[in-house]
Amino acid sequence: MIQSLTPSALAPPFARYAHGAASRAAGVLLTSGQLGLRRDGNVPDGAEAQARICFGNIDAILAEAGIGRQDVLRINAYVTDRAHMQGYMTARDAWLNGIAALPASTLMVVSGFTRLEFVVEIEVTAALKE
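Residues numbered from 1 in each chain as written. Predicted model: local features only at pLDDT ≥ 70, side-chain atom pairs only at ≥ 80, totals over all residues. Heavy atoms only, no water.

**Some details on the packing of aromatic side chains**
The geometry of an aromatic ring pair is captured by the separation of the ring centres together with the interplanar angle, meaning the angle of the planes. This is how the line gets drawn: Stacked, edge-to-face and tilted labels apply to pairs of Phe, Tyr and Trp rings (six-membered ring for Trp) whose centres lie within 6.5 Å, assigned for plane angles under 30 degrees, over 60, and everything in between, in that order. Segments assigned H or I by DSSP are reported as helices when at least four residues long, segments assigned E as strands when at least two residues long, and all are numbered from the N terminus. A 1.4 Å probe rolled over the protein chains alone gives each residue an accessible area, and that area as a share of the maximum for its type sets the label: buried under 20%, exposed over 50%, partly exposed in between.
Scanning all chains against the criterion turns up three aromatic pairs. The interplanar angle of 50° and the centroid separation of 6.4 Å between the aromatic rings of Phe14 and Phe118 together place this pair among those described as tilted. With Phe14 in the loop between β1 (2–5) and β2 (20–23) and Phe118 in the loop between β6 (104–109) and β7 (120–127), the pair connects residues that are 104 residues apart, well separated along the chain. Exposure remark for Phe14: the relative accessible area of 44% places this residue in the partly exposed category. Of the residues examined, Phe118 reaches a relative accessible area of 1% and is grouped as buried. Between Phe55 and Trp95, the ring centres sit 4.5 Å apart and the planes meet at 25°, which makes this aromatic pair stacked.

**Digging into the pairing of β7**
Rule in force here: Two strands pair under a simple rule: DSSP has to find at least two bridges between them.
Note: strand β3 (residues 28–31) against β7, three bridges, orientation antiparallel. Its bridge partner lying in β7, Leu30 is registered against Thr125. Pairing geometry for strand β4 (residues 34–35) and β7, over two bridges, is antiparallel. Bridging across to β7, Gln34 finds its partner in Ile122. As defined by bridge partners, strand β5 (residues 72–79) adjoins β7 across seven bridges and the pair is classed as antiparallel. Looking at the pairing, Val79 lines up with Val120 of β7.

So, to be careful, I would describe these as geometric facts and stop short of saying anything about function.
In structure tokens form, the structure reads like this:
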């Protein structure tokens, strides 16, 4: 069985999808790409501010499944320009502070997202507790 995860603390998805999906049978949780969108619809300027919102959203999705940052296996992140890499990495490193077993991580530069104000998108794969 697959559990759809869409915490009420997050802005609703833009279309027919969940913010996360968990399969206890497979032991894995996948998040949709999270954007720097606050619940009130506000999008702050800059990759670091947006990445902090993305990671906050991911925290809420993980919590909905009863897990946390320490259970993340992989981070996939996307920025729209190399100039945004440092802001993203600062937010990522702060989010991972204190985590003993660090996840795998990939960062890609892409041409853009659905709206011009978005400069970073982050998704994770996490292990579910048995």
